[in-house]
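Next come the chains, spelled out residue by residue.
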Amino acid sequence: MYVNVIIFFLVILVVNHTYEADSNPFEVREHSLTRPYPTVFSTSNSYWRLTGSTIATDRYIRLTSDAQSKAGGLWSSIPVNYADWEIHVQFRVFGEGVGYFGDGFAIWYARDPNVDGPVFGYKDYFHGLAIVMDTYGNYVGPREHVYPYISAIVNNGSLHYDHDRDGTDINISGCESSFRGLTTDTVVAIRYENNRLTVSTDTEGTNTWTPCFTINKIHLPTNFYFGFTAATGQLSDNHDIISVRTYRLDSNEQRQEENRNHIVPSGPIPMVSQANDTMSQTTSWSALKIFFYTILMILICITGLASYFYMKHYRYRKPRFY
Ligand SMILES: [Ca+2]
């Protein structure tokens, strides 16, 4: 009897949970993509488009397969006309490579959709936000973190992404995340609210978010597009998007009324520049210290020499009094 009652309540809980998950009032249908996927992506009816070598099956959208020299993307065809949002991207990155695989994929909120190029399959000098899910460290020098590495870039069209440096000169924040080759569901959440960008991950299938980073003072316009791209070169991997769920967040009144179409994407200065700033401050402080030490040493020498000559003179004159 008690067992039946418990089962009944469990069933109610599960049904409620499923119901809430499937009908979140803030989920934006045209910016979400879940199974079963539309059979044709390229028609004008579809909310999403595929580019390059990206293919759709009934289980995943494969940006690139585990083969060399592939590039492709999945792009929303409807611009985002609300200021604040959160997007959950379920993905899978895996392949045959051990030690050598790559390069990862990127999630975009960008001005120009459906364009290809050298930055994980998208154009360089882009306008917008990139969340780069980099699986392979290309930089051969000493590194401050291990890969896979998630990083954020905000670009107003003026910044060049340098693969040989893994974009570290233009990253504004990042975190390590072991999202490659997992059999659990791997999800990344990107939240943009009140000019604050927060990235979290759930890579262990525990339904809990692990904070990756939070950055303030990120300015992004409305009417950009969500997109996902990947490219393989000599190194390769399968880069799959499983689902996309986008939620419109309640913006404050000022942001709702503001015309945000013409905002130029901007953010805090990149981490390397911050480090250089700190370093140059340290360097100038060291230079100042050396200067004062030198002056002090000169003063000590002058005092020492003056004392020596005075004493010598005193000793020289001394016999004259006796
Ligand atoms: Ca890389």
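Residues numbered from 1 in each chain as written. Predicted model: local features only at pLDDT ≥ 70, side-chain atom pairs only at ≥ 80, totals over all residues. Heavy atoms only, no water.

A short note on the packing of aromatic side chains
Next up, step 1: Across all of its chains, the model carries 15 aromatic pairs by this definition.
Next up, step 2: Seen from their ring centres, Phe91 and Phe105 are 5.2 Å apart, and the 55° between their planes marks the pair as tilted. A residue pair is termed long-range when its members are at least 10 positions apart, and Phe91 in strand β5 (residues 85–94) and Phe105 in strand β6 (residues 104–110) qualify at 14 residues.
Next up, step 3: According to the relative accessible area criterion, Phe91 is buried, its value standing at 2%. (Phe/Tyr/Trp six-rings, centres within 6.5 Å; stacked < 30°, edge-to-face > 60°. Helix = DSSP H or I, 4+ residues; strand = E, 2+ residues; numbered from the N terminus. Buried < 20%, exposed > 50% of the residue type's maximum accessible area, 1.4 Å probe, protein only.)

A closer look at the pattern of salt bridges
Next up, step 1: In total, this model carries eleven salt bridges according to the counting rule given.
Next up, step 2: The salt bridge partner of Asp112 is Arg111, with a shortest N-O separation of 3.1 Å.
Next up, step 3: Of the residues examined, Arg111 reaches a relative accessible area of 38% and is grouped as partly exposed.
Next up, step 4: One network of salt bridges, with partners in common, ties together Glu86, Arg191 and Glu193. (Salt bridge = Lys/Arg side-chain N within 4 Å of Asp/Glu carboxyl O.)

A word on the coordination of the calcium ion
Next up, step 1: The coordination sphere of the calcium ion, as far as protein atoms go, consists of Asp134 (OD), Asp134 (OD), Tyr136 (O), Asn138 (OD1) and Asp166 (OD), spread over 2.3 to 2.6 Å.
Next up, step 2: We note that the donor set of the calcium ion lies within a single chain, spaced as D-x1-Y-x1-N-x27-D. With Asn138 in the loop between β7 (127–134) and β8 (149–156) and Asp166 in the loop between β8 and β9 (173–176), this pair connects stretches of sequence that are 28 residues apart.
Next up, step 3: We classify Asn138 as partly exposed; its relative accessible area is 25%. (Donors = N, O, S within 2.8 Å, 3.2 Å for Na, K, Ca; no water.)

Topic: the environment of Arg35
Next up, step 1: Structurally, Arg35 is set in the loop between α1 (2–22) and β1 (48–52).
Next up, step 2: For Arg35, a relative accessible area of 46% corresponds to the partly exposed category.
Next up, step 3: Setting aside residues up to four positions removed in sequence, Arg35 forms contacts with Asp58, Arg59 and Ile242.
Next up, step 4: Looking at Arg35, its side chain comes within polar contact range of the main-chain oxygen of Arg59, at 2.9 Å. (Contact = heavy atoms within 4.5 Å. Polar contact = N/O pair within 3.5 Å; in protein donor to acceptor, adjacent residues only side chain to side chain.)

Let's talk about the state of the cysteines
Next up, step 1: Using the criterion set out here, one finds one disulfide in the structure.
Next up, step 2: At a sulfur-sulfur separation of 2.0 Å, the disulfide partner of Cys175 is Cys212. Residues Cys175 and Cys212 are joined by a disulfide whose S-S torsion is about -105°; by sign, that bridge is left-handed. Of this pair, Cys175 sits in strand β9 while Cys212 sits in strand β12 (residues 210–215), and the two are 37 residues apart along the sequence.
Next up, step 3: The class for Cys212 is buried, based on a relative accessible area of 13%. (Disulfide = S-S within 2.5 Å.)

Side note on the pairing of β8
Next up, step 1: In terms of residue burial, β8 counts as a mostly covered element, since seven of its eight residues are buried.
Next up, step 2: Sheet topology places β7 next to β8; eight bridges connect them, and they run antiparallel. Bridging from a neighbouring strand, Gly128 pairs with Asn155 of β8. (Pairing = 2+ DSSP bridges.)

Things to note about the nonpolar core
Next up, step 1: In terms of nonpolar packing, the biggest core is built from 45 residues, with Trp85, Ile131, Phe228 and Ile241 touching the most fellow members.
Next up, step 2: Leave out the neighbours within four places in its chain, and Phe228 touches Trp48, Leu63, Gly72, Gly73, Leu74, Ile87, Val89, Ala106, Ile107, Trp108, Ile241 and Val244.
Next up, step 3: Of all hydrophobic cores here, the second largest spans 14 residues; its members include Trp75, Ala110, Phe126 and Tyr225. (Core = buried A, V, L, I, M, F, W, Y, C linked by side-chain atoms within 4.5 Å.)

Points about the confidence of the model for the protein
Next up, step 1: Per-residue confidence for the protein gives a mean pLDDT of 86, with 80% of residues at or over 70.
Next up, step 2: Low confidence marks residues 5–22, where pLDDT is under 50. Its contacts with residues over four positions away, or in another chain, come to three contacts. (pLDDT = per-residue confidence, 0-100.)

What about the sheet that holds β5?
Note: strands within a sheet are paired through backbone hydrogen bonds, in either parallel or antiparallel orientation.
Next up, step 1: Pairing within the open sheet is antiparallel, and its seven strands lie in the order β2-β3-β14-β5-β10-β11-β12. Every other strand in the sheet has two partners, leaving β2 (55–56) and β12 as the edge strands with one partner each.

Some points on the environment of Gly73
Next up, step 1: Assignment of secondary structure puts Gly73 in strand β4 (residues 71–76).
Next up, step 2: Considered as a pair, Gly73 and Ile55 are 18 residues apart in the sequence and their alpha carbons are 9.0 Å apart.
Next up, step 3: Residues contacting Gly73, with those up to four places away along its chain left out, are Arg49, Leu50, Thr51, Thr54, Leu63, Phe228 and Thr229.

Focus on unusual backbone geometry
Next up, step 1: In this model, Gly102 is joined to Asp103 through a cis peptide bond whose omega is -5°.
Next up, step 2: Note that Asp103 resides in the loop between β5 and β6.
Next up, step 3: In this chain, Tyr147 is followed by Pro148 through a cis amide linkage whose omega measures 5°.
Next up, step 4: A positive phi is found at Lys217, a non-glycine position, where the angle reads about 60°.
Next up, step 5: Relative to the helices and strands, Lys217 is located in the loop between β12 and β13 (225–231).

A closer look at the environment of Thr229
Next up, step 1: Mapped onto the secondary structure, Thr229 falls in strand β13.
Next up, step 2: On a C-alpha basis, the gap between Thr229 and Val115 in space is 9.8 Å, while along the polypeptide they are 114 residues apart.
Next up, step 3: Dropping the residues within four chain positions of it, Thr229 is found in contact with Leu63, Gly72, Gly73, Trp75, Phe105, Ala106, Trp108, Val119, Phe120, Gly121 and Tyr122.

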